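The lines below spell out each chain.
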Amino acid sequence: MSLPLPPLFAALRQSLRSGYSWRSLRNDLGAGLTVGIVAIPLAMALAIAVGVAPQHGLYTVLVAAPLIALTGGSRFNVSGPTAAFVVILLPITQQFGLGGLLLCTMMAGTILIAMGLARFGRLIQFIPYPVTLGFTAGIGIVIATLQVKDLLGLQLAHPPQNYVEQIGLLARALPGAHLGDALVALACLGVLLAWPRLVPKVPGHLVALAVGALLGLALERMGLPVATLGERFTYELDGVVHPGIPPLLPSFAWPWQLPGASGAPLVLSFELVRQLLAPAFAIAMLGAIESLLCAVVSDGMAGTRHDPNAELLGQGLGNLVAPLFGGITATAAIARSAANVRAGAVSPIASVIHAGVVLLAMLLLAPLFSYLPMAALAALLLMVAWNMSEARHVAHTLRIAPRNDVLVLLTCLVLTVLFDMVLAVGVGLLLAAGLFIKRMSDLTDALPLPPRFHQALDGLPEQVMPYVIRGPLFFGVAEKALSVLRRLNPQVKVVIVEISAVPLLDMTALAAIENLLADYRRQGIGLVLVGTTSRVRLKLRRAGILREEGRLAYVRDLEQARAKALRWLEPQSN
């Protein structure tokens, strides 16, 4: 039997099959232009947030976005750097440098490809909503805190190692705040808040950055210094150092040829790969979650359907190739994808065009980017963090959600802020799984059946004891439910158990039933199982729990159970 081919180019093929016309191309051009303009400052700001030069964010869009769009499974997903990765990527950059970050991204891309080939796309649906909401809200808080430094032009004594230390460093640095940076940040935030309500068709963050740049120049002339992108980042060309970002296409380089945390080229080794494996897995899982959630949102807006496995493959290929050209981690961005749908996109071509817009801007406008104030970019990311945190939705969930879900949400949020997202998601999933098991165990019970339950139980001799078990029998509940069947009077010789409401058994339950039968055999007690479903009966037989006259019987209903029990009692009465 031949293996199924990987579902590459699924979204592109689906778009072409549904009919692609000149009108479709015009729609994609308009959408790509709109989203491309939105992506330019975000890509640079997010690259700065993860500790690398801003051009690496643009390189990510240039390489990963079109590759993911063409090979993936969603028509409307627009990929690039996203805020969700900041809390994972920044520690990697601080510990392993640019080379380590790009190598880790390639490893994550490989994991995503493996997930797509293994058709794990649907498994993402099993991540509980409180876990997702908790860690995204926590990421929003972390990103917002990271922006305080540039919002106020603060100088920290040293890079913080954790969130608590970061708060302390910011508090001690507050007396050194710069008025110019604070005024620029305040003006940009005002525009970001007011502009969408006044002129919703024009992206507000572009106006905010323009206002910030003009205000920064004016304040500089007034003697109030304002930190700019050109002052923070430089590049060398033909032996001359220039401010800002290079107006050049990215060049190919292996990640281990790039500088590590010490500035020296990274040394590729098994130990390095081992250290990067855990964060690479975290990147892959977060990328899968965010991309597939984004595809679901886009489908809801456009009335389409995506291929989750193809989307994982596309995301994997994009993250495998982009680091070879200086691109950092990419995933589908919900805000940009939603803007893509609202702008009238009809196919993945729109995402390719958006990458072309970023390319033209980088080649033609790079010198102007050096005048962007760092406080303006920080204000932009602060709004991204606010939208990502979904504060209103979190507050609403805390009011209406069951207590256990609130516990999971708050645990994930606090762990994400104080430690990291990997720990938060792991603990959140374990906590959610444990609470789910408890809920399911509460649904399972074993009770004696009263004679009024069914006429077949009326007048049964004292040697026959009827019970009913309702709910799934699995680890954590099987022993508790079956222990009721052990508390018998000495005169009981036959136990009838109605289990038609038991939908499944796991290995723990099978082992518990075997132990129960062994105890009954020593005590000379027979067991009659009533109404077993075909699935449950098959599992019992595969486990070797077979019919045995006088010991174990399977019957359809309580009338047959009564007859069987009375027949087993006859030899004892004689």
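The rules behind the values
Residues numbered from 1 in each chain as written. Predicted model: local features only at pLDDT ≥ 70, side-chain atom pairs only at ≥ 80, totals over all residues. Heavy atoms only, no water. Helix = DSSP H or I, 4+ residues; strand = E, 2+ residues; numbered from the N terminus. Rg over C-alpha atoms; globule rule 2.2 N^0.38 Å. Buried < 20%, exposed > 50% of the residue type's maximum accessible area, 1.4 Å probe, protein only. Contact = heavy atoms within 4.5 Å. Lys, Arg positive; Asp, Glu negative; His and termini not counted. Charge placed at Lys NZ, Arg CZ, Asp CG, Glu CD. Polar contact = N/O pair within 3.5 Å; in protein donor to acceptor, adjacent residues only side chain to side chain. Phe/Tyr/Trp six-rings, centres within 6.5 Å; stacked < 30°, edge-to-face > 60°. Lys NZ or Arg CZ within 6 Å of the ring centre and 35° of its normal. UniProt positions renumbered as here; feature names shortened; annotations may be inferred. Pairing = 2+ DSSP bridges. Axes fitted to C-alpha atoms, helices over the stretch in contact; angles between N-to-C directions. 1 Å grid on protein atoms, 1.4 Å probe; cavity = no way out; pocket = protein on both sides within 12 Å on 5 of 7 lines; lining within 4 Å. Points joined across faces, edges and corners; volume = space filled by probe spheres on them. Nonpolar A, V, L, I, M, F, W, Y, C, P; charged D, E, K, R; others polar. Domains from an automatic or database assignment. pLDDT = per-residue confidence, 0-100. Salt bridge = Lys/Arg side-chain N within 4 Å of Asp/Glu carboxyl O. Patch = residues over 30% accessible without salt bridge, like charges linked within 9 Å, V, L, I, M, F, W, Y side chains within 5 Å. Areas by Shrake-Rupley, 256 points an atom, 1.4 Å probe, with all protein chains shown as cover. Right-handed = clockwise from strand over helix to strand, strands pointing away.

1. Here's the deal with the overall build of the chain
Secondary structure summary: the chain contains 21 helices and nine strands in total. Relative to the 2.2 N^0.38 estimate, which gives 25 Å for 574 residues, the radius of gyration of the chain is 31 Å and therefore markedly larger than a compact globule would have. When the backbone C-alpha atoms are referred to their principal axes, the chain occupies close to 110 × 60 × 55 Å. The buried share among the 574 residues of the chain stands at 52%. Within the chain, contacts between residues at least 6 apart in sequence are counted, and of these 80% link residues at least 24 apart. Of the side chains in the chain, 41 bear a positive and 30 a negative charge, and the two mean positions are spaced by 7 Å.

2. A look at the side chain of His306
Considering the arrangement of structural elements, one finds His306 in the loop between helix 10 (270-302) and helix 11 (308-321). Relative accessible area serves as the criterion here: at 15%, His306 is assigned to the buried category. A distance of 2.6 Å separates a polar atom in the side chain of His306 from a polar atom in the side chain of Asp299. When neighbours within four sequence positions are excluded, His306 is seen to be in contact with Gly73, Ser74, Leu292, Ala295, Val296 and Asp299.

3. Here's the deal with the environment of Val63
You can see Val63 is positioned in helix 3 (residues 55-71). Classification of Val63 as buried rests on a relative accessible area of 18%. Expressed as a C-alpha distance, the spacing of Val63 and Ala355, which sit 292 residues apart in the sequence, is 7.9 Å.

4. Here's the deal with the packing of aromatic side chains
The final tally for this structure, using the stated rule, is four aromatic pairs. Judged by centre distance (5.2 Å) and plane angle (80°), the ring pair of Phe252 and Trp254 falls under edge-to-face. For Phe252, a relative accessible area of 45% translates into the label partly exposed. Overall, Trp254 belongs to the partly exposed group, its relative accessible area being 36%. Three or more aromatic residues joined by ring pairs form one cluster here, namely Phe252, Trp254, Trp256 and Phe325. The ring of Tyr554 has Arg541 lying over it, and the distance from NZ or CZ to the ring centre is 5.7 Å.

5. Considerations on the UniProt feature "domain: STAS" (unreviewed entry) in the chain
The UniProt entry lists residues 462-565 under the feature "domain: STAS" (unreviewed entry), expressed in the numbering used here. Between the C-alpha atoms that bound residues 462-565 there is a distance of 11 Å. The span itself is 38% helix and 23% strand.

6. Re the sheet that holds strand 8 (residues 526-530)
Spatially, the five strands line up as an open sheet ordered 5-6-7-8-9, and their pairing is mixed. Of all strands in the sheet, those bounded by a partner on one side alone are strand 5 (445-448) and strand 9 (552-555). Going across the sheet, the axis of each strand differs from the next one's by a mean of 20°, ignoring polarity. Here strand 7 (residues 494-501) pairs with strand 8 via five bridges, running parallel. Looking at strand 8, one finds that Glu498 is bridged to Val530.

7. Section: empty space enclosed by the protein
Counted by the stated rule, this structure contains five cavities of 30 Å³ or more. Within this model, the largest cavity holds a volume of roughly 130 Å³. For the largest cavity, the lining is made up of 14 residues, of which Ile469, Leu482, Ile499, Ile513 and Leu529 are closest to its centre. When residues of the lining of the largest cavity are traced back to their parent elements, those giving at least two are strand 7, helix 19 (507-523), strand 8 and helix 20 (534-542). Grouping the amino acids of the lining of the largest cavity by side-chain chemistry returns 14 nonpolar, no polar and no charged.

8. Section: the domain arrangement of the chain
Domain parsing of the chain yields domain 1 (49-173 + 245-346 + 391-435) and domain 2 (445-569). Here domain 1 and domain 2 have C-alpha centroids that lie 51 Å from each other.

9. Points about the confidence of the model for the chain
The share of residues in the chain with pLDDT of 70 or more is 98%, and the mean pLDDT across the chain is 90. When mean pLDDT is compared element by element in the chain, helix 3 scores highest at 96, while helix 17 (residues 421-443) scores lowest at 80.

10. So, unusual backbone geometry
In this model, Phe9 sits at a positive phi of 60°, which is unusual for a non-glycine residue. For Phe9, the position within the fold is in the segment before helix 1 (10-17). The phi dihedral of Glu390 is positive, around 50°, even though this residue is not glycine. Looking at the secondary structure, you find Glu390 in the loop between helix 14 (374-389) and helix 15 (391-400).

11. Looking at the pattern of salt bridges
Evaluation of the coordinates by the stated rule reveals nine salt bridges. A salt bridge links Glu271 to Arg274; the nearest nitrogen and oxygen atoms lie 2.5 Å apart. Here Glu271 pairs with Arg274, and both are found in helix 10, just three residues apart, close to one helical turn. Judged by its relative accessible area of 46%, Arg274 falls in the partly exposed class.

12. A closer look at a nonpolar patch on the surface
On the surface, a nonpolar cluster with roughly 920 Å² of combined accessible area is contributed by Leu214, Leu217, Leu249, Leu360, Leu363, Leu364, Leu365, Leu368 and Tyr371. Those elements that provide at least two residues to the nonpolar patch are helix 8 (204-221) and helix 13 (349-369). The element contributing the most residues to the nonpolar patch is helix 13, with five residues. Following the sequence through the fold, Leu364 ends up in helix 13.

13. A few points about the pairing of strand 8
Among the five residues that make up strand 8, five are buried, leaving the element largely enclosed by the rest of the structure. The side-chain alternation of strand 8 yields two buried faces, one formed by Gly526, Val528 and Val530 and the other by Leu527 and Leu529. Assessed by its sense of winding, the connection that carries the chain from strand 7 through helix 19 to strand 8 is right-handed. Two strands pair when backbone bridges link them, and strand 8 and strand 9 are joined in this way by four bridges, in the parallel orientation. Along strand 9, the bridge assignment pairs Leu527 with Leu552.

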